[in-house]
Amino acid sequence: MDDHQLTQLGRQTPGFASPDEAVLERAPNPQKGVLYLARFTAPEFTALCPVTGQPDFAHLVIDYAPAEWLIESKSLKLYLGSFRNHGAFHEDCTVAIGRRIVEVAEPLWLRIGGYWYPRGGIPIDVFWQSGPAPEGLWLPDQGVAPYRGRG
């Protein structure tokens, strides 16, 4: 993919059958050299339990400090939507999403919080980050309270 030619933005784009098939795109960061945090929030993320095939739901919060590249948001929406029929454990989904974004965008830093709704009466929250946060980066709270009927 040519990094300066986005293939999904501004076009009708069908969804993807799986995360492996999904195309996650990046765009040049117009604020390259400036230390800042960008946040994506996906309060209605869904995947399937790999054992039962039942749907699992999560509120994802993705914070990253861009370097040369930004994650293009439409491609992120399509990538996250590709998990809808994908069977994986909560931990696998959360960490795989964080790692894929790091692979594509090569940010200075990334953290992801996967706040999963209860399965079998137990909510599972999964957190991953690419390493220590850069000095001076403002890290706001992810804003998702401990489970109390998540919402």
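Relevant structure appears above.
Each chain has its residues counted from 1, following the order in which its sequence is written. Side-chain atom pairs in this predicted model are given and counted only at pLDDT of 80 or more, local residue features only at pLDDT of at least 70, and totals for whole chains, interfaces and linings cover all residues. For side-chain calculations, the full set of non-hydrogen atoms in the structure is used, while hydrogens and water are omitted.

Visitor: Looking at this structure, how should I read the layout of surface pockets?
Guide: Empty space among the atoms becomes apparent when a probe as large as a water molecule is rolled across them. In this structure, the largest pocket occupies an estimated 240 Å³ of space. If you trace the largest pocket, you find 13 residues lining it, with Thr 41, Ala 42, Phe 45, Lys 77 and Leu 80 closest to the centre. By definition, any uninterrupted DSSP run of H or I lasting at least four residues is a helix, any uninterrupted run of E lasting at least two residues is a strand, and each is numbered from the N terminus. Mapped onto the lining of the largest pocket, the elements with two or more residues apiece are strand 2 (38-48) and helix 1 (73-81). Per-element accounting of the lining of the largest pocket gives the leading share, 7 residues, to strand 2. In terms of residue class, the lining of the largest pocket is made up of 6 nonpolar, 4 polar and 3 charged. With a 1 Å grid laid over protein atoms only, a set of points is called a cavity when a 1.4 Å probe fits there but cannot get out and a pocket when it is open yet has protein on both sides within 12 Å along at least five of seven lines; lining residues have an atom within 4 Å of a point. Grid points are joined across faces, edges and corners, and a volume is the space filled by probe spheres set on the points. There is about 170 Å³ of room inside the second largest pocket. Together, Pro 19, Asp 20, Tyr 79, Phe 83, His 86, Ala 88, Asp 92, Cys 93, Ala 96, Arg 99, Arg 100 and Glu 103 line the second largest pocket. In terms of residue count, helix 2 (residues 90-105) provides more of the lining of the second largest pocket than any other element does, 6 residues in total. The residue inventory of the lining of the second largest pocket, partitioned by class, reads 6 nonpolar, 1 polar and 5 charged. Side-chain classes follow a simple rule in which Ala, Val, Leu, Ile, Met, Phe, Trp, Tyr, Cys and Pro form the nonpolar group, Asp, Glu, Lys and Arg form the charged group, and the remainder, Gly included, forms the polar group.

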